[in-house]
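Overview (structure and organization)
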Amino acid sequence: MSDFGARMRELGGLLWRKARQGGEAAAEALEQQASIQRLVGQIRKLQRERAQLFSQIGTKVYALHGQGKVRNQDVLVDCERLDAIGQEIDRLRRQIEDIRTASLAQGVQLPEISDDTALTAEGSATGDVTPAAVAPVVASVAVSEAADDDYVPPEQEPAPDSCAPVDDDEPGAEEAEK
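Residues numbered from 1 in each chain as written. Predicted model: local features only at pLDDT ≥ 70, side-chain atom pairs only at ≥ 80, totals over all residues. Heavy atoms only, no water.

Attention now goes to the overall build of the chain. What the chain contains, in helices and strands, is three helices and zero strands. Counting from the amino terminus, the chain carries its helices and strands in the arrangement α-α-α. In the chain, which comprises 178 residues, the share counted as buried stands at 3%. When the accessible surface of the chain is totalled, it reaches about 17000 Å², and 56% of it is carbon and sulfur. (Helix = DSSP H or I, 4+ residues; strand = E, 2+ residues; numbered from the N terminus. Buried < 20%, exposed > 50% of the residue type's maximum accessible area, 1.4 Å probe, protein only. Areas by Shrake-Rupley, 256 points an atom, 1.4 Å probe, with all protein chains shown as cover.)

Right, let's get into the confidence of the model for the chain. The predicted model of the chain averages 75 in pLDDT, with 62% of residues at 70 or higher. Within the chain, the lowest mean pLDDT, 50, falls on helix 3 (residues 173–177), and the highest, 91, falls on helix 1 (residues 2–66). Counting interchain partners and residues more than four positions distant, the pLDDT-below-50 stretch residues 124–149 has six contacts. (pLDDT = per-residue confidence, 0-100. Contact = heavy atoms within 4.5 Å.)

Attention shifts here to the side chain of His65. Of note, His65 is situated in helix 1. Taking the relative accessible area as the measure of exposure, His65 reaches 15% and is therefore buried. Setting aside residues no more than four positions away along its own chain, His65 makes contact with Val70, Leu76, Cys79, Glu80 and Asp83.

Moving on, we come to helix 1. For an α-helix, the turn length of 3.6 residues means that residues three or four places apart are oriented alike. Between its terminal C-alpha atoms helix 1 stretches 95 Å, which fits the 96 Å expected from 65 residues at 1.5 Å a residue. Just past helix 1, the residue Gly68 takes up positive phi, approximately 75 degrees. (Expected span 1.5 Å × (residues − 1).)

This paragraph deals with the pattern of salt bridges. With the rule as written, the count across this model stands at two salt bridges. Arg91 is the salt-bridge partner of Glu88, the closest N and O atoms lying 2.4 Å from each other. Within this pair, Glu88 and its partner Arg91 are both found in helix 2 (residues 73–107), separated by three residues, close to a single helical turn. For the salt bridge of Arg100 with Glu97, the shortest nitrogen-to-oxygen distance reads 3.4 Å. Taken together, the residues span about one helical turn, with Arg100 and Glu97 both in helix 2 at a distance of three residues. The exposure class assigned to Glu97 is partly exposed, which follows from its relative accessible area of 43%. (Salt bridge = Lys/Arg side-chain N within 4 Å of Asp/Glu carboxyl O.)

On the surface, Phe4, Met8, Leu11, Leu14 and Leu15 cluster together to form a nonpolar patch covering roughly 500 Å² of accessible area. Inspection of the secondary structure puts Met8 in helix 1. Classification of Met8 by relative accessible area gives partly exposed; the value is 44%. (Patch = residues over 30% accessible without salt bridge, like charges linked within 9 Å, V, L, I, M, F, W, Y side chains within 5 Å.)

Following this line, the structure appears as structure tokens:
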């Protein structure tokens, strides 16, 4: 029996050493991962700073182009492309404004208002506002392309088999709800 006890102690000691070694290995792996993540964070920060500096350099070079101080052909071609892009954006914005102006001139007509009384009690002399004095509001509502029969109210949705509805009239319905 003492031989069995000695073997059990040896086995317990072996398990304890292996568990401790595994815990130490896991802690070391977590520490390595944390170090890597810190370094990755520093790299990302430096990359953002680098991108910001490239942007600032580009802005400064383009400003020099506006003053006629850029002579490098590669940079000059890029600056001229930026000018062309800016002109194209302006042209497209003018087209948008033309379309808006044309649609306003064609389809939108403001209704004539014959009643010049104030819309709120603050603007009226007496402060009385009657419901008859309030004009009905007409609003334009956008309707989605979904068909009316696509909508299923929540109370009509089929319940899954495991969630059968509880009938309040049945005995024990109050207990089932709890």
